Amino acid sequence: MTQTESADIIVVGTGVIGCLIAEQLLDAGHSVLMLEAGPRVERWQIVEKYRNLPPVTVTNLDAAYPPSRWAPFLDSTSATTAADYLQLEGPNARAYRQDYVRYAGGSTWHWAGICWRLTPDDMRLKSLYGVGRDWAFDYATLEPYYTRAEYAMGVCGPSDPDLQWPPIRSKPYPMGRLPFGPGEQKFTDAAARLGLKNLPAAQARNSGVSYDTRPPCCGNNSCIPVCPIGAKYDAASSLPRIEAKGGKILVNAVVYRIETGTGNQVQAVHYFDPNGQSTRVTGKLFVIACNGIETPKLLLMSADTRNPRGVANSSDQVGRNMMDQPKLVAAVTLAEPAWTGVGPVQGSSIMQTSQGAFRSEHAGALLRFNNMARSRLGAMQALKTGLVGKALDAEIRRLSACTAELTLEHELLPNPNNRLTLSSKKDALGIPKPNIYYDVGPYVRKSAEIYSTPLVKQLAHEMGATDVKVTTEFTNSDHIMGGMIMGADPADSVVDVDCRAHDHANLFLPGGGAMTTAGCGNSTLTMAALALKAADAMVAQLAHA
Amino acid sequence: MLRRALFGIAWLAIASPQAMAADIDPLVAQGDYLAKASDCTACHTAPGGKAFAGGLAIASPVGTIYSSNITPSKTAGIGLYTRDQFAAALRKGVRRDGANLYPAMPYTAYAVLSDPDIDALYAYFMKGVEPVDGAAPKTSLPFPMNIRLSMMAWNLIFLRDSGLPSDPAQSAAWNRGRYLVEGAAHCSTCHTPRGFLMEERSGLAFAGGQVGAWYAPNITSDKNSGIGSWSKPALIGYLRDGVAPGARAAGTMGEAIEHSFQYLTPSDLDAVVTYIETVPAVENAKPGDRFDEGKPASDLASTRGAVIDDATQGAALFQGNCASCHAPLGQGGTDGYFPSLFHNSTTSAPNSNLVATILYGVNRTTAQGQAFMPGFGGAPTDSNQLSNHDIALVATYVRAEYGGSGAAVTDTEVATVRQGGPSSPLVLIARIGLGVGVVAAMGLVVVLWRRRHRLGAKRGFGE
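Residues numbered from 1 in each chain as written. Chains lettered and ligands numbered in written order. Predicted model: local features only at pLDDT ≥ 70, side-chain atom pairs only at ≥ 80, totals over all residues.

Visitor: What is the right way to look at the overall build of chain A in this model?
Guide: Within chain A, the regular secondary structure consists of twelve helices and 16 strands. When the 545 residues of chain A are sorted by exposure, 56% land in the buried category. (Helix = DSSP H or I, 4+ residues; strand = E, 2+ residues; numbered from the N terminus. Buried ≥ 20, exposed ≤ 12 C-beta atoms within 10 Å, placed from the backbone.)

The following block contains the structure:
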């Protein structure tokens, strides 16, 4: 006998998108049931797990979040484990090793908290530069939702319009900007000498004061993999508030099927518990917010006679246009100490290099100073030299202080060939693993060759670099976008302007997958803004029902 | 000069009539000051509500009571009160319609307020406060607490009927300090322990009392048990900023500083301290200075990387929840924002304050800025929710490691603080209305309301 659950709104996924929507709907008086595939753990347990890790796992930022058997995700522990879940292919397969976690609270557990907005130009690539797509609405339509998202998460940022990106805002940031650490200041000064402006990042991190029930940042510099004090917004911090408002959260509930019915409305979702026991969950509206990989996977898995290509997929665009910001990294050795690591792991970026007429020819790029403390990396490297005693100490100090990392993140165009499909390989519950083909394409490669790499070398030398090594293999930025692309035309897009599936009136697919273009900045704030817009549409839809 | 004049005009143009009244009428300004000194806002302004419009829900053992609207609204507030009716409410606990107030309103302390100060407060509440016509929710309590007349008996026993005559043997500052401490600031309401009838126990004035979840410690001049070891500047700094060597204000005292003490003039703060320093010493704690216990310590070397079991869970909880701010040795921050956990009265004293601080956190704003520590589950919306057992483990660990005391905290103690502090069997007597117990229980119940109101606000009951 199949068990059943029910609520007005069923939200699959407890990350930032699911949580923002759940709270909006609860505030409007509706019942909400959230389903989370992974487990729920306390912050201190993650903090302690992280601090107890052996130093060799330093490059695996997910190591504090071991995947559960029933809710697997990419495990970066080794090349073997990394290849187990996500099936990656194509010229840039390595660049789609997306780090996300399937835990209650989702991947904001280990995000940097950066909250860039798209610019008006980022949303009109086709009409301005003849590449990519145009959004179905303009920046002015999105702006109020950006502001609401900033207040919902608690974003700090500069009050000086000269330092804002873009300086088109209806309200000030809820909190003032955080100061730069010495390394970021050095980078900022070098950029200024080259005529470039390194901007203080808008970030979902409490600066100087508390926000909601969370304390101000005190600079632990472990935002990735976890803020130990909750000064950085993460969706996990809102779970108790959602429950206090009456929301119900079921964990270890792996949704594997979306069931459609009359009028192609969604009737139910079905989930497995860790033992494979199935439960059917009914509701009025359904939100699938499992991130840009798990959501298209679930849509494709749910193919039925009404929707033979998968739920929401009459356009054949589900799982296509997979985007991220392909990343290159410059390893820099400096003559003088930069003292990386004071403050949060990221706090600024040069944004102006993402914009310009060149976008008809090649991608723009965001350039930034990676402020993640380098003491562990320095120590590991120094130990390899065979030095001992005071000489070892001195080398650790030198490598920690006098090395730095600059990061280049490129704008990728939506390309239907960058595609997620279902692999023939199955996970422990018999659910297909995602297969993704990925090619960053000539638009990005050209940028790296003639634009971004020369620029970052110039910046490094201006900082006083004695050595600069820029990678040539693109890597992931973990900003998963495009798989449920938004558009006005149901023939070539998956969701409408409210993230509602064109094919199903009561199914919402908000988040990064709905983004029409990617820009160069981190995607979360745009995802959150789309989530709030979708929540408004849901409240209106229930009011008319 | 011209610029200043222009600014003045602009300011007047946008200022409300009430603000102007306070600006122009010295009596209104004096009343504003006295209202702050009396911390009226603590009860009469609900969180997020309009000033003095009441409606703060106060959790009590016998039901919820709501603070009243004391704005000059003629329909919902006290706009129709004459000066003498206002005075009777403050000093005798009698409403305009003749009904008795519950001593959730501290009229037993306000009884000492002078006639000129009553005049000033009246002027302020009539002219300096914005009228709000929204009525606060009505308080509706079960029998026998609904019989307000029975308060007369309690008043006969516990309400003093005159002010405080000046003591010519003492300085003007001492007399002013006594007037503020015994009257407006009503310090003894929390800091003096209660007897069976919930009266303030004679001979134990300011020796420390339980205030719901929090403990208001001994503030007598005893060097070990009280604050006799503090310098005068330290005491003044504490009342103004909430910070002193070895002590930080949180809970109800944090709010008293935020809403009241920080606004006192330097001479009034000096007066308060002058008087408090002369309060007769009461020794009621173990030997040793409660502000100087404990030492830096860390179990990181033995626990990092080790398997967590029952014996090491306290250390793991400390490292995962506390050490990221209070530092691995418990030494706090270099700039003093994060207090050290040793040489700290909260970790050394065997009262409820360590558990209350962990559960409810700290949120105190003064001219020095905000001091904030998140609660770990005292409010259902706290982002980190620790169980009673985990709080007991970490509190036991902190006491032993940093507080210089081996006293273990039990799960039951945490549960008690979480539900708002210890209750009393007298409440039960009141509930079942046992003859002679009723009047005494009435006293208990109303005093408990008074003592718990701020806790209620903290726990979200005000919403």
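Picking up after the structure, the text goes on.
Visitor: Where do I start with the overall build of chain B in this structure?
Guide: Scanning chain B from N- to C-terminus turns up 22 helices and eight strands. Counting over 463 residues, chain B shows a buried share of 50%.

Visitor: How do you make sense of the confidence of the model for chain B when you look at a structure like this?
Guide: Low-confidence regions, as indicated by low pLDDT, have predicted coordinates that should not be scrutinised in detail. All names here are of chain B. Here chain B averages 84 in pLDDT, and 80% of its residues register 70 or above. Of all helices and strands in chain B, the one with the weakest mean pLDDT is helix H1 (residues 2–14) (36), whereas helix H13 (residues 266–276) scores best (98). The model gives residues 451–463 a pLDDT under 50, and that stretch makes 36 contacts with residues more than four places away or in other chains. Model confidence for the complex is summarised by a pTM of 0.92, with the ipTM given as 0.94. (pLDDT = per-residue confidence, 0-100. Contact = placed C-beta atoms within 7 Å.)

Visitor: Got a minute to help me understand the nonpolar core in this structure?
Guide: The nonpolar side chains of a soluble globular protein tend to be buried, and buried together. Residue and element names in this part refer to chain A. In terms of nonpolar packing, the biggest core is built from 266 residues, with Ile21, Val287, Leu509 and Ala528 touching the most fellow members. No other element matches the ten residues that helix H12 (residues 524–544) contributes to this core. Other than its neighbours up to four places away in sequence, Ala528 contacts Val16, Ile17, Leu20, Ala149, Ala152 and Met153. (Core = buried A, V, L, I, M, F, W, Y, C linked by C-beta atoms within 7 Å.)

Visitor: Just checking my understanding: could you explain the packing of helix H18 (residues 353–360) of chain B against helix H19 (residues 388–402) of chain B for this structure?
Guide: Packed helices, taken two at a time, are described by their axes: the angle between them and the distance between them. Residues and elements named next belong to chain B. Where H18 meets H19, the axes come as close as 10 Å, and the angle between the chain directions of the two elements is 130 degrees. Considering their axes alone, H18 and H19 lie oblique with respect to each other. Where H18 crosses over H19, the handedness of that crossing is right-handed. Residues Leu354, Val355, Ile358 and Leu359 of H18 pack against Ile391, Val394, Ala395, Val398 and Arg399 of H19. (Axes fitted to C-alpha atoms, helices over the stretch in contact; angles between N-to-C directions. Parallel < 35°, antiparallel > 145°, perpendicular 65-115°, else oblique. Left-handed = near helix turned anticlockwise from the far one by under 90°.)

Visitor: Would you mind going over the sheet that holds strand E3 (residues 87–89) of chain A with me for this structure?
Guide: Whenever strands of a sheet pair, they do so through backbone hydrogen bonds, lying parallel or antiparallel. All names here are of chain A. In space, the three strands of this open sheet follow the order E3-E14-E13, with mixed pairing throughout. Each having just a single partner strand, E3 and strand E13 (419–426) make up the two edges of the open sheet. On average, adjacent strands in this sheet sit at an angle of 30 degrees to one another, irrespective of strand direction. Note that E3 and strand E14 (residues 432–437) share three bridges and pair parallel. Among the inter-strand pairings, Glu89 is bridged to a residue of E14, identified as Tyr437. Sitting on the sheet, helix H8 (residues 294–301) is in contact with E13 and E14, with an inclination near 70 degrees to E13. (Pairing = 2+ DSSP bridges.)

Visitor: Explain the interface of chain A and chain B here, please?
Guide: Note: interface size is frequently given as the accessible area lost on complex formation between the parts. The partner chain B presents 22 residues to the 23 residues of chain A that form the contact. Mapped onto the side of chain A that touches chain B, the elements with two or more residues apiece are helix H2 (43–51) and helix H7 (239–244) of chain A. The element that contributes the greatest number of residues to the side of chain A that touches chain B is H2 of chain A, accounting for six residues.

Visitor: Just checking my understanding: could you explain the environment of Gly219 of chain A for this structure?
Guide: Residue and element names in this part refer to chain A. Mapped onto the elements, Gly219 comes out in the loop between strand E4 (198–200) and H7. Counting along the chain gives 23 residues from Gly219 to Ile242, while the straight-line C-alpha distance between them is 28 Å. Aside from chain neighbours lying at most four places away, what touches Gly219 is Val342 and Gly343.

Visitor: Help me understand the domain arrangement of chain B, please; the structure alone is not making it clear to me.
Guide: Residue and element names in this part refer to chain B. As far as domains go, chain B holds domain 1 (16–164), domain 2 (172–276) and domain 3 (300–442). One C-alpha centre belongs to domain 2, the other to domain 3, and the line joining them spans 22 Å. Listed by partner, the interface residues are 19 residues for domain 2 and 23 residues for domain 3. For the side of domain 2 that touches domain 3, the secondary-structure elements that each account for two or more residues are strand E4 (214–216), strand E6 (247–248) and helix H12 (251–259). Considering each element in turn, the side of domain 2 that touches domain 3 owes the most residues, four residues, to H12. (Domains from an automatic or database assignment.)

Visitor: What's the story with the pairing of strand E12 (residues 403–410) of chain A in this structure? I'm lost.
Guide: Side chains on a regular strand alternate between the two faces of the sheet. Residue and element names in this part refer to chain A. E12 sits mainly inside the fold: seven of its eight residues count as buried. Of the strand pairs in this sheet, strand E9 (residues 327–334) and E12 are connected by seven bridges, and their pairing is antiparallel. Each residue of the ladder has a partner; that of Thr333, found in E12, is Thr403. Note that strand E11 (residues 365–370) and E12 share six bridges and pair antiparallel. By the bridge assignment for E12, Ala365 is matched with His410.

Visitor: Would you explain the packing of helix H15 (residues 313–321) of chain B against H19 of chain B in this entry?
Guide: All names here are of chain B. Taken N-terminus to C-terminus, the directions of H15 and H19 make an angle of 90 degrees; their axes are 8 Å apart at the nearest point. Comparing the axis directions of H15 and H19 gives the class roughly perpendicular. Across from Gln313, Gly314, Ala315, Leu317, Phe318 and Asn321 in H15, the residues of H19 making contact are Asp390, Leu393, Val394, Thr396, Tyr397 and Val398. Class assignment for the residues of the contact of H15 with H19 results in seven nonpolar, four polar and one charged. (Nonpolar A, V, L, I, M, F, W, Y, C, P; charged D, E, K, R; others polar.)

Visitor: Looking at this structure, how should I read unusual backbone geometry?
Guide: Glycine aside, negative phi is the norm for most residues, and most peptide bonds take the trans geometry. Residue and element names in this part refer to chain A. Following Trp165, the chain continues into Pro166 via a peptide bond in cis, with omega recorded as -20 degrees. The omega torsion across Ile224 and Pro225 is 15 degrees, close enough to zero to call that bond cis. Looking at the secondary structure, you find Pro225 in the loop between E4 and H7. The residue Asn321 is not glycine, and still its phi comes out positive at about 60 degrees. In this structure, Asn321 sits in the loop between H8 and E9.

Visitor: Got a minute to help me understand the environment of Met322 of chain A in this structure?
Guide: Residues and elements named next belong to chain A. Counting through the fold element by element, Met322 comes out in the loop between H8 and E9. Considered as a pair, Met322 and Asn307 are 15 residues apart in the sequence and their alpha carbons are 21 Å apart. Those residues within four positions of Met322 in sequence are excluded, and the remaining contacts are Asn418, Arg419, Leu420, Ile436, Tyr438, Gly482 and Gly483.

Visitor: Please clarify how helix H3 (residues 26–37) of chain B should be interpreted in this entry.
Guide: What sets the pattern is the α-helix's 3.6 residues per turn: residues three or four places apart point alike. Residue and element names in this part refer to chain B. Spanning twelve residues, H3 covers 16 Å between terminal C-alpha atoms, matching the ideal 16 Å at 1.5 Å per step. For H3, the complete set of buried residues consists of Val28, Gly31, Asp32, Tyr33, Leu34, Ala35 and Ala37. Just beyond H3, the residue with positive phi is Asp39, at close to 55 degrees. (Expected span 1.5 Å × (residues − 1).)

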